[in-house]
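Structural overview
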Amino acid sequence: MKEKIKEFVLSLGVDDVGIASIKDYKSPRSPDLQSIFPGAKSLVVLAYKELSNCESENMQIATGGRLDTLEFARSSNYRVARFLEREFKAKAMTVPPSYPLYMSYETKGTLGDVSLRHAAIAAGLGNFGRHNLVIHPKIGTRVAFTAVMTNLDLSSDPPVSERLCTDCNICVENCPAHALDEEGKTDDMKCLKISQPYGIGSAIRFWTKFAESSTEDQKKMVKDVNFWRLYQAGFIGFQYFCFNCMKSCPIGQE
Ligand code: B12
């Protein structure tokens, strides 16, 4: 059954696929999978090579490439879930690549309901690097993941035992936010400030100032580039302005 699933996933053009029994999915800060999908037994984890767009200094092109990856990833998720339901009369639920996330002032949208990095590791698709991203043995760091949870009882693929990160520290040195200074932890807020400068924090600051301003100043504020960028980030979901940790990593680029 595992081979049939993998063959189908790869036929979609997905770069790699791994399978994990949920017994091997260990993400200490994430909710219990049974609270999301009672009866879930396995995860089918899909890996996608990120496009070279991330190298562009033009942030519209860089984010556009990521959105392409996410769109393909979402549609692959749907197809795999339906395949499991059709072929094996299974129940299947998809895990989105990024958003939606549980949003609140307390969590600040920094905790996914299912941790795709821990799922990828459990499915034998790689291990953590110094940048706290998962490095795939062949694709390297420029890899995105999605997953499909299912009630099919599938065994885990063997884990990647060899450490893939070479500790060259290039990612740490290239992080303009200094978000990777502490080993084993990304400083989310420092990362967000640089990577998503038109996120919710900026929106709150903008609208607070707007509410307190005179009509004349409000007219000026909606002509400012800040407002136009906030507007776009809001309707596309988010716009990244930094890909340094991902694009500076030499692993997979040789
Ligand atoms: C919220 C989120 C963010 C937040 C918060 C990140 C965070 N601290 O987890 C912010 C906005 C900061 C962010 C940034 C980025 N993200 Co993000 N993000 C997510 C999301 C939606 C949820 C992550 C989550 O639940 N984290 C909370 C819990 C699970 O993490 P944690 O247990 O605290 O683990 C942290 C550390 O303890 C450490 N860690 C845990 N165990 C171990 C073990 C070892 C040995 C080591 C070294 C480290 C380590 O790693 C984590 C990083 O802080 C996932 C998608 C998903 N659903 O998983 C994508 C995801 C993790 N992001 C991804 C990417 C690509 C990015 C960015 C490159 C985007 C960008 N252009 O900036 C940066 C990278 C930042 C970085 N180097 O860490 C990819 C990672 C792919 C990969 N190859 O690993 C994911 C999986 C999206 C996807 N579908 O592919 N992200």
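See the structure shown above.
Notes on the structure in this doc start here. Keep in mind that this is a model prediction, so the values were computed, not measured. All residue numbers here refer to positions counted from 1 along the written sequence of the relevant chain. Totals for whole chains, interfaces and linings use every residue, but because this is a predicted model, local features are given only for residues with pLDDT of at least 70 and side-chain atom pairs only at 80 or more, for both listing and counting. Hydrogens and water are ignored here; the side-chain numbers use all heavy atoms of the structure.

With respect to the packing of helix α1 (residues 2–11) against helix α3 (residues 59–88)
Axes are the key here: two packed helices are described by the angle between their axes and the distance separating the axes. Quick note on the threshold: Orientation is described by axes fitted as lines to C-alpha atoms, over the contacting stretch for helices, and by angles from 0 to 180 degrees between their N-to-C directions. Put simply, DSSP marks the helices as runs of H or I at least four residues long and the strands as runs of E at least two long, and each gets a number from the N terminus on. By definition, any crossing whose near helix is turned counterclockwise from its far helix by less than a right angle is left-handed, and any crossing with a clockwise turn is right-handed. In this analysis, two residues are considered to be in contact whenever any of their non-hydrogen atoms come within 4.5 Å of each other. Residue type decides the class: Asp, Glu, Lys and Arg count as charged, Ala, Val, Leu, Ile, Met, Phe, Trp, Tyr, Cys and Pro as nonpolar, and the leftover types, Gly among them, as polar.
Interaxial distance between α1 and α3 falls to 11 Å at its minimum, and their mutual angle equals 145°. Pair α1 / α3 crosses with right-handed handedness. Here Lys4, Ile5, Phe8 and Val9 of α1 come into contact with α3, specifically with Arg79, Val80, Phe83, Leu84, Glu87 and Phe88. Along the lines of polarity and charge, the residues of the contact of α1 with α3 split into seven nonpolar, no polar and three charged.

A short note on the pairing of strand β6 (residues 143–150)
Side-chain direction in a regular strand flips from residue to residue, so the side chains alternate between the two faces of the sheet. Formally: Categorising residues by exposure relies on relative accessible area from a 1.4 Å probe, with only protein chains included: less than 20% of the type maximum marks a residue as buried, more than 50% marks it as exposed, and the intermediate range marks it as partly exposed. Think of it this way: DSSP has to see at least two bridges between two strands before they count as a pair.
Counting buried positions along β6 yields eight of eight residues, so the element is predominantly enclosed. Residues Val143, Phe145, Ala147 and Met149 point to one face of β6 and Ala144, Thr146, Val148 and Thr150 to the other, with burial holding for every one of them. Note that strand β2 (residues 42–49) and β6 share eight bridges and pair antiparallel. Bridge assignment links Ser42 to a residue of β6, and that residue is Thr150.

Overview of the nonpolar core
Threshold: In plain words, nonpolar cores are sets of buried Ala, Val, Leu, Ile, Met, Phe, Trp, Tyr and Cys residues tied together by side-chain atoms within 4.5 Å.
Core analysis: the biggest nonpolar cluster contains 23 residues, and Leu33, Leu43, Val45, Leu125, Phe145 and Met149 have the highest contact counts within it. If near-sequence neighbours (up to four positions away) are discounted, Leu125 is found in contact with Asp16, Val17, Gly18, Val45, Ala47, Ala120, Val134, Ile135, His136, Pro137, Phe145 and Val160. Val14, Val17, Val44 and Ala81 belong to the second-largest nonpolar core, a separate cluster that totals 22 residues.

Let's talk about the pairing of strand β1 (residues 16–21)
In terms of burial, β1 is a largely internal element, five of the six residues being buried. Looking at chain direction, β1 and β2 are connected through six bridges and run antiparallel. Within β2, the position partnered with Gly18 by the bridge is Val45.

Quick word on the packing of helix α7 (residues 200–212) against helix α9 (residues 225–236)
As a reminder of what qualifies: Roughly parallel means an angle under 35 degrees; roughly antiparallel means over 145; roughly perpendicular covers 65 to 115; every other angle is labelled oblique.
The N-to-C vectors of α7 and α9 enclose an angle of 130°; their axes lie 11 Å apart at closest approach. In terms of axis orientation, α7 runs oblique to α9. The element α7 and its partner α9 pack so that their crossing is left-handed. On α9, the residues touching Ser202, Ala203, Phe206 and Trp207 of α7 are Asn226, Phe227 and Leu230. When grouped by side-chain class, the residues that make up the contact of α7 with α9 number five nonpolar, two polar and no charged.

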